[in-house]
Amino acid sequence: METSDLEKHYHDTNAKTLALWEKRDGIGAVREPFYATQKLALATGFQPEMTASLDMLFRELRALTRHDSLVDLQPPSGFHFTFVPITLPLYDENAPLPAKTHQLIDAWTPFAGLGITVRELRLVALPNQLLLAGIPDTLALRQRQAFCERLLTTDWQEALRLRHGNTLLPAPFWHTTLLRYQADCLPESLRAFFRERRMQRYGEVCGELKLNVVNYNWTLCRAVTSSMLTC
């Protein structure tokens, strides 16, 4: 997907979600947490500094949702943008990574430390989630595609496909998940929050890409090194 396609993709996603909300007044069925919260996954991405406008966005969401037990709001300490998620949450904390991680480290080496900027940040709504998504430059798109193609030549190809499920590879969004709601749909308070801010832009974020082992919201994030592997 080209950068010019992302604007339309975000717009169409929001329109689809708004249409679904129109048909469903309530939150629907309560569901289980999205991820195995006690397990860790392998993922690439970066952790940018929090700008003033984003800090305010986080504060507004915290104030709005502080009494709702179904809200899973990303903590500011876990603020991140994913480049390529590689595995589902599979690993126990402090357990060694499989020996084949050497292949992953080798595949990642050309991309390690690359600077990424994601611009024109805006809210994107899924039925039960709020994302913060933006537009990368064309080179970043090419780099992400190239990394996925390298992984598909290694023993990590199955894990990569399982992580992406039915979505495109690489996934089209350049985003972080701000909020997950443990039901079919967001409540009206959060729908209104999105509708009021859907045209707002939140500037840009930048950072250096790293290969990490992370929990689902990146509040636990450690750079992968050879010392973490099974002998």
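Residues numbered from 1 in each chain as written. Predicted model: local features only at pLDDT ≥ 70, side-chain atom pairs only at ≥ 80, totals over all residues. Heavy atoms only, no water.

Participant: Please set out the sheet that holds strand β3 (residues 81–85) residue by residue, giving values where relevant.
Facilitator: On the basis of which strands lie adjacent, the open sheet formed by four strands has the order β3-β1-β8-β9 and antiparallel pairing. Two strands bound the open sheet, and with one partner strand each, they are β3 and β9 (221–223). Pairs of neighbouring strands in the sheet enclose a mean axial angle of 45 degrees, with direction left out of account. Bridge analysis of strand β1 (residues 41–46) against β3 gives four bridges, and the strand direction is antiparallel. Of the residues in β3, the one forming a bridge with threonine 44 is valine 84. Of the strands in this sheet, β1, β3 and β8 (210–214) are in contact with helix α3 (residues 101–108), which crosses β8 at around 145 degrees. (Pairing = 2+ DSSP bridges. Helix = DSSP H or I, 4+ residues; strand = E, 2+ residues; numbered from the N terminus. Axes fitted to C-alpha atoms, helices over the stretch in contact; angles between N-to-C directions. Contact = heavy atoms within 4.5 Å.)

Participant: Run through the side chain of asparagine 217, naming residues and quoting values.
Facilitator: Looking at the secondary structure, you find asparagine 217 in the loop between β8 and β9. There is a polar contact of 2.7 Å between the side chain of asparagine 217 and the side chain of threonine 219. In this structure, asparagine 217 is in contact with Pro75, Gly78 and His80, ignoring residues within four places of it in sequence. (Polar contact = N/O pair within 3.5 Å; in protein donor to acceptor, adjacent residues only side chain to side chain.)

Participant: Would you mind going over helix α1 (residues 3–23) in detail, with residue names and values included?
Facilitator: Each α-helix winds once per 3.6 residues, and so residues spaced three or four apart point in a common direction. The terminal C-alpha atoms of α1 lie 31 Å apart, and with 21 residues this matches the ideal 30 Å at 1.5 Å per residue to within 8%. Those residues of α1 not exposed but buried are Thr3, Leu6, Tyr10, Thr13, Asn14, Thr17, Leu18 and Trp21. Looking straight down α1, one finds that the buried residues subtend no more than 130 degrees of arc, so they occupy a single side. Exposed side chains of α1 directed beyond 90 degrees from the buried face belong to Ser4, Lys8, Lys16, Glu22 and Lys23. Buried-residue contacts for α1 involve β4 (115–126), β5 (129–136), α4 (138–151) and α6 (188–197). (Expected span 1.5 Å × (residues − 1). Buried < 20%, exposed > 50% of the residue type's maximum accessible area, 1.4 Å probe, protein only. Arc of directions from axis to C-beta.)

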